[in-house]
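Single-letter residue listing:
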Amino acid sequence: MLDLRFVVENRDRVVEMLGRRGLSVDAILAAGDPWALDAERRSVLQKVEQLRHRQRLAGEEIARRGKAGQDASELKADMKGVAEEVKALDGRLQDAEARLGQLMLVLPNLPDPSVPVGPDASANQEVRRVGEPPQLGFTPKAHWDIGTRLGILDFDRAAKISGARFAVYFGAGARLERALIQFMLDLHTKERGYREVIPPYLVTAETLLGTGQLPKFEADLFKTRAGEKDLYLIPTAEVPLTALHRDEILEAADLPRRYVAFTPCFRSEAGSYGKDVRGLIRQHQFHKVELVKLTTPETSLAELDSMVADAEEVLKRLGLPYRVVVLCTGDMGFWSAKTYDIEVWLPGQALYREISSCSSCTDYQARRSSIRYRPAPKEKPRYVHTLNGSGLAVGRTLIAILENGQQADGSVVVPSALRPYMDGLERIV
RNA sequence: GGAGAGGUGGCCGAGUGGUUGAUGGCGCCGGUCUUGAAAACCGGAGUACCGCAAGGUACCGCAGGUUCGAAUCCUGCCCUCUCCGCCA
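Residues numbered from 1 in each chain as written. Chains lettered and ligands numbered in written order. Predicted model: local features only at pLDDT ≥ 70, side-chain atom pairs only at ≥ 80, totals over all residues. Heavy atoms only, no water.

Around RNA strand B lies a shell of 23 residues, among which Arg5, His53, Arg56, Lys80 and Arg374 are the nearest. Residue Arg42 places a side-chain N or O atom 3.0 Å away from a phosphate oxygen belonging to RNA strand B. Take His53: an N or O atom from its side chain is 2.6 Å from a phosphate oxygen of RNA strand B. Contributing elements (two or more residues each) for the surface near RNA strand B: helix H4 (34-68), helix H5 (73-105) and strand S14 (371-374). Among the elements that make up the surface near RNA strand B, the one with the highest residue count is H4 (12 residues). Of the residues that constitute the surface near RNA strand B, the class distribution is six nonpolar, five polar and 12 charged. (Near = heavy atom within 4 Å. Polar contact = N/O pair within 3.5 Å; in protein donor to acceptor, adjacent residues only side chain to side chain. Helix = DSSP H or I, 4+ residues; strand = E, 2+ residues; numbered from the N terminus. Nonpolar A, V, L, I, M, F, W, Y, C, P; charged D, E, K, R; others polar.)

Below, the structure written as structure tokens:
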């Protein structure tokens, strides 16, 4: 969430920055007036604290008289009234704080000044293009045709088992998925300085509140229920990885922290009916190798750049053409301050499709999750910046390999970087 | 699923309802001593919020309650651990 103090003291600026994201003042105020609520909160808080101070002094006096054998019944009677007053005011205070807290949870992050302003994806800006789309010399097929024909992907049987938006991988398909995972993890851990993590795939509501998926985006999640306990399937490893250091104060020397995790991801894809219904593009369950960093505010944008480079390196080594796009204010995620998407070329659709999204969330998640660091001994703790990025989405990488490596005879060439992970297999036939 | 134990400051561990944000120990930081180090001794050290400031308030798993006053009493919840059962 945003820094309440900053919001209160910089009303115009906050309104302007949120406006860039398409959030009008009216829309903000419709959810509640943070400025009025904060004023209420402060004034009540001061009264409560004054009364509590009186209670404390009176308590000491009563104890003293008790020891000295003096009467304190009149003072006690007075303080009973004070206690009731405190209780009433405290109720008002808690009410104001609760409403303010809920309001702050539904305000998105402020965009970084460098982010282009725009209403939707059409205003995103291409940063660079790497690699050339392959000259296939025949009409390229979509991956679902390629994979089905090779017998390595099976959507019909997946539908039988689990319904729409699932896939079964067979043989070389399953092997290719596993090879990609291994390849990506090796790259990030051995060459890029990330520490490998296997986190829980089921998380609590508090965890999702900390990263921002809750309370606003519950419809996108799969929720499980076991007895009285509600747990959510992770939509991305960003959630458990970012939450690793919740309620902690890290040492400056520990930053940046770089984590990489391979996990399945689960998304309900509510509201995406009719979109990407075929193939592996949009599934309820998919694999992702996720990168997460905790950094100081000063280094976060540089670390974002290097994270993008880490994700790009996967594509470079696989020989897949791609471009990097900086998302405009209107297309960014709720908790992001700046996002780069990496889009891979898909010959089957003849367009670039998102295969990675790398964001700096500045201190937005850190504040919600209370992840801080101490800049120097004795100094006050500050919030870290949290960054996350796909490195990469495994299923979509497999799509790109099938579509870019497809041959006229229907076979698929395995990128040489992956062959060591597939017993030297050069071609899927 | 059944039975039991426990959650206090970075860690360990005290705490009779009343100057207890909390004894003590370890670890940590500074100092004295020492050629240096160790030991010993002295001192320091949590987080958040309110306030221009002085200063104040809150926090002993969480939330309520009793009371003039709660780490301490009561209720509910959460978590951890042990044993039994079941199980990959």
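Back to the write-up after that little detour.
Moving on: the sheet that holds strand S16 (residues 385-393). The strand order across the open sheet formed by eight strands is S1-S11-S12-S13-S16-S10-S9-S4, and the pairing between neighbours is mixed. Two strands in the sheet have a free side with no partner beyond their single neighbour: strand S1 (125-130) and strand S4 (195-197). Taken over all neighbouring pairs, the strand axes of this sheet differ in orientation by 25° on average, direction set aside. Bridging between strand S13 (residues 351-360) and S16 involves three bridges; their strand directions are antiparallel. Within the sheet, the bridge partner assigned to Cys358 lies in S16 and is Gly389. Where helix H11 (residues 300-318) meets the sheet, it contacts S1, strand S9 (257-266), strand S10 (285-295), strand S11 (322-326), strand S12 (338-346), S13 and S16, and its direction lies at approximately 5° from that of S16. Each of S10, S12, S13 and S16 touches helix H13 (residues 394-404); the most contacted strand, S16, lies at about 35° to it. (Pairing = 2+ DSSP bridges. Axes fitted to C-alpha atoms, helices over the stretch in contact; angles between N-to-C directions. Contact = heavy atoms within 4.5 Å.)

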